[in-house]
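Close look at the chain arrangement
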Amino acid sequence: MADDLENPAEELPATAGDLAAEYPDVWDAYADLGAAAAEAGPIDDETKRLVKLGMAVAVQSEGAVHSHVRRGLEEDIPPEALKQVAVLSIPTAGFPQAMAALSWIADITDDDRETTQEQS
């Protein structure tokens, strides 16, 4: 999966990057835990990404939603599949939470489409 970062201090959002730079042992342990969790079972990479996105939606973490959507797009997950995660969360997380998540997903998927259209 795209969770491996060559230079976390530069590739992460400011706060996480600062933590990685100031506490590299903590960051390394966190990254190792993530890798171990990802390898703990038979779920394929796309499903793992969608599950992680769903959990980010459920806990209402805008930053994590943005991160998992960006990585999902990098992993060639269709924007429609990423948006469906928010729609699926309506009965569990609630309509307002799902709408917030849908807008956070659109922040990235719409930016990606605009960039692609500008390059055409």
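Just so you know, the residues in each chain are numbered from 1, in the order the chain's sequence is written. Totals for whole chains, interfaces and linings use all residues, but because this is a predicted model, local features are given only for residues with pLDDT of at least 70 and pairs of side-chain atoms are given and counted only at 80 or more. Hydrogens are left out, water is left out, and the side-chain values use all remaining heavy atoms of the structure.

1. Looking at the overall build of the protein chain
As a reminder, the rule being used: For helices the rule is a DSSP run of H or I covering at least 4 residues; for strands it is a run of E covering at least 2, with both sets numbered from the N terminus onward. In short, Shrake-Rupley with a 1.4 Å probe defines the accessible areas, and a residue's cover is counted only from the protein chains shown.
Helix and strand counts for the protein chain stand at eight helices and zero strands. In the protein chain, the succession of α and β elements from N to C terminus is α-α-α-α-α-α-α-α. Within the structure as shown, the protein chain displays about 7700 Å² of accessible surface, and the carbon and sulfur contribution to it stands at 55%.

2. Notes on a nonpolar patch on the surface
Rules: For patch building, the residue pool is restricted to those with more than 30% relative accessible area and no salt bridge; the joining distance is 9 Å between like charges and 5 Å between nonpolar side chains (Val, Leu, Ile, Met, Phe, Trp, Tyr). Criterion for a salt bridge: a side-chain nitrogen of Lys or Arg within 4 Å of a carboxyl oxygen of Asp or Glu.
A surface patch of nonpolar side chains, about 270 Å² in accessible area, is lined by L19, Y23 and V26. Tracing the sequence through the fold places Y23 in the loop between α2 (14–22) and α3 (24–38).

3. Re the confidence of the model for the protein chain
We count it as follows: The pLDDT value expresses, per residue, how confident the predictor is, ranging between 0 and 100.
Looking at the protein chain as a whole, the pLDDT averages 88, with 82% of positions reaching at least 70. The secondary structure element of the protein chain with the lowest average pLDDT is helix α1 (residues 8–11), at 65, and the one with the highest is helix α6 (residues 79–88), at 98.

4. A look at unusual backbone geometry
What counts, and what does not: The classification of residues rests on relative accessible area computed with a 1.4 Å probe and restricted to protein chains. Under 20% of the type maximum is buried, over 50% is exposed, and intermediate values are partly exposed.
Positive phi, close to 60 degrees, is recorded for Q60, a residue that is not glycine. Within the secondary structure, Q60 is located in the loop between α4 (45–58) and α5 (62–74). A relative accessible area of 29% means that Q60 is categorised as partly exposed.

5. Describing the packing of aromatic side chains
Definition in use: Between the rings of Phe, Tyr and Trp (Trp by its six-membered ring), a pair exists once the centres lie within 6.5 Å; its type follows the angle of the planes, with under 30 degrees stacked, over 60 edge-to-face, and the other angles tilted.
For the coordinates displayed, the defined rule picks out one aromatic pair. Measuring from ring centre to ring centre gives 5.3 Å for W27 and Y30, while their planes differ by 50 degrees; the resulting arrangement is tilted. Of this pair, W27 and Y30 both sit in helix α3, three residues apart, which is roughly one turn of that helix. Its relative accessible area of 14% is what places W27 among the buried residues. Judged by relative accessible area, which is 55%, Y30 ranks as exposed.

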